[in-house]
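# Working through the structure, step by step
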Amino acid sequence: MSVIPLLLLAGAVTALHLAGAGAGFPAKLALERAVPVRGAPLERLRARDGARHGRLLLGSSSLPAAGVVDFPVDGSANPAIAGLYFTRVKLGNPAKEFYVQIDTGSDILWVTCSSCAGCPTSSGLNIQLEFFDPDKSSTSTTITCSNDRCSYALQTGQALCSGSDFSSSPCGYSFQYGDGSGTSGYYVSDMMYFDTVLENGQILNSSATIVFGCSNSQSGDLTKSDRAIDGIFGFGQNDLSVISQLSSAGNFPKVFSHCLKGSDNGGGILVLGEIVEPGIVYTPLVQSQPHYNLNLESIAVNGQELAIGSSLFATSNTQGTIVDSGTTLAYLAEKAYIPFVNAIFASLPSSVHSFALRDNMCFVTSDSVDESFPSVTLKFMGGASMLLKPEDYLLQQGSIDNSVIWCIGWQNNKGSGITILGDLVLKDKIFVYDLANQRIGWMNYDCSRPVNVSTASGKNEYLTAGQLDVSGSSDSVFSNPLSSNNLLILTYILIIASL
């Protein structure tokens, strides 16, 4: 399961929440294709997710006329392509672009700074990594320990201050994770820039002053270059998050939405505002939780509820269901995992061959995935149901001739009662995070289609994924050579063929 970090958090960070516009107005993110990295075995993805599950990270703004803020976003839910979504954010004066991961499981924006020790200098995602240098930004100021934001963070144990002179000591942070990775640094205040596209098509430059983390030390997995990025942009609801800072200043609604395409080339929409398509169902957020916790009540496979009590999913310090875009796969509470896998197995037709591959149950079939595997329904408080297609809980691990190899992508969160819904589940759905009314809504949706987003004027702004011009997209041809997993699967298929 998620690794609980030994966390010595820090100050008022914030940032990039991928969208911005005047109060009640939508902010749009066009998502692009990312360059593929090597095919990633499931155990590696589990390790990466485990490391980030402990990453519970945590300004004022003056944005002009209403419109859509365009943040080109790269990445894909496909673990063999990227396994994460990230965007570009402009910070400082003169403005400089940084790649930061989109993460609904944390609250803070931090980027790598010029003085960073142990930080990667290249990335397997085919992006140019950058460093933020506060000394070279004319609008940058260091957040000191006497700052109100830092004082708040100190009270909640999320900041580090040393020395007796709080008026000059920087407000620091240090995140340490159970796997040994971590980041530390200090907080700065600076400008964040937006390209606001107005309804008449005019592009207006706008900006907001925010507080974010300046990382000067990284360790463990954060130093690895295969999926390295410049930082993390948290979309959490903590008072110190960017979305809270900007909404409290009256420039943004306290609601954001996304619709992430599940195809290999990624794509989708992310807006600061409420997508209002008919068919969206809502369930209340669990109160007083650091994450987006939902009340999951039951799971049904092919319409049959699993024989597990709803108390297994009740939220506590050791249980609960979390929505987290920073997690690649999905993780099911240990006591629910075996009943879930058994129900899938029992629903398979005889034409589907099953076999165990390391810790995963895998399958070989020449039929379509929808014909071969059952649907799954997650039932939440208030009667809201989430209907999952087979590709929302399976990962394609290769194909040989006319047969396709699928493995269960939901992982056993061993030793834990926590269920985490990551990108594997979130893709191909509209998700609305209505923080003002403390609820989350969703519906299955083709995220290549346009959506309606509510605006402060009471109108519906019609937004289309990819509608705005996107520069710098990496339009590569993807290749996926046989990994060691697929070689094992090939061996299995040859055995099956000989029977």
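The structure under discussion appears in the preceding block.
This section reports on the structure supplied with the text. Remember, predicted model here, so these are calculated numbers, not experimental data.

Right, let's get into the overall build of the protein. Along the backbone of the protein there are seven helices and 33 strands. Here the protein, with 499 residues, has 59% of them falling under the buried criterion. Just so you have it, the protein exposes about 18,500 Å², and 49% of that area is on carbon and sulfur atoms.

Aromatic rings in a pair are described by how distant their centres are and how their planes are angled relative to each other. In total, this model carries 15 aromatic pairs according to the counting rule given. For the ring pair Phe86 and Tyr99, a centre distance of 5.9 Å and an interplane angle of 65 degrees mean the geometry is edge-to-face. Pair noted here: Phe86 is in strand E6 (residues 84–91) and Tyr99 is in strand E7 (residues 96–103), with a separation of 13 residues, a long-range link. Aromatic side chains Phe132 and Phe212 sit 5.3 Å apart centroid to centroid with 75 degrees between the ring planes, which places their arrangement in the edge-to-face category.

A few words now on the pattern of salt bridges. Under the defined criterion, the tally for this structure stands at eight salt bridges. The residue Glu305 makes a salt bridge to Lys379 at a minimum N-O spacing of 3.2 Å. With Glu305 in strand E19 (residues 304–305) and Lys379 in strand E24 (residues 376–380), the pair connects residues that are 74 residues apart, well separated along the chain. Glu305 sits in the partly exposed class, given a relative accessible area of 47%. Lys379 sits in the partly exposed class, given a relative accessible area of 28%. In the salt-bridge network here, residues are joined through shared partners; they are Glu274, Asp434 and Arg439.

Next up on the list: the state of the cysteines. Under the definition given, this model contains six disulfides. Each disulfide pairs two cysteine sulfurs, and for Cys145 the partner residue is Cys161, the sulfurs being separated by 1.9 Å. Across the S-S bond of Cys145 and Cys161 the torsion is about -110 degrees, and the bridge reads as left-handed. Of the two residues, Cys145 sits in the loop between strand E9 (141–142) and helix H2 (148–155) while Cys161 sits in the loop between H2 and strand E10 (172–176), which places them 16 residues apart along the sequence. What makes Cys161 partly exposed here is its relative accessible area of 23%. Cys259 shares a disulfide with Cys447; S-S distance 2.0 Å.

So, how was this worked out
Residues numbered from 1 in each chain as written. Predicted model: local features only at pLDDT ≥ 70, side-chain atom pairs only at ≥ 80, totals over all residues. Heavy atoms only, no water. Helix = DSSP H or I, 4+ residues; strand = E, 2+ residues; numbered from the N terminus. Buried < 20%, exposed > 50% of the residue type's maximum accessible area, 1.4 Å probe, protein only. Areas by Shrake-Rupley, 256 points an atom, 1.4 Å probe, with all protein chains shown as cover. Phe/Tyr/Trp six-rings, centres within 6.5 Å; stacked < 30°, edge-to-face > 60°. Salt bridge = Lys/Arg side-chain N within 4 Å of Asp/Glu carboxyl O. Disulfide = S-S within 2.5 Å.

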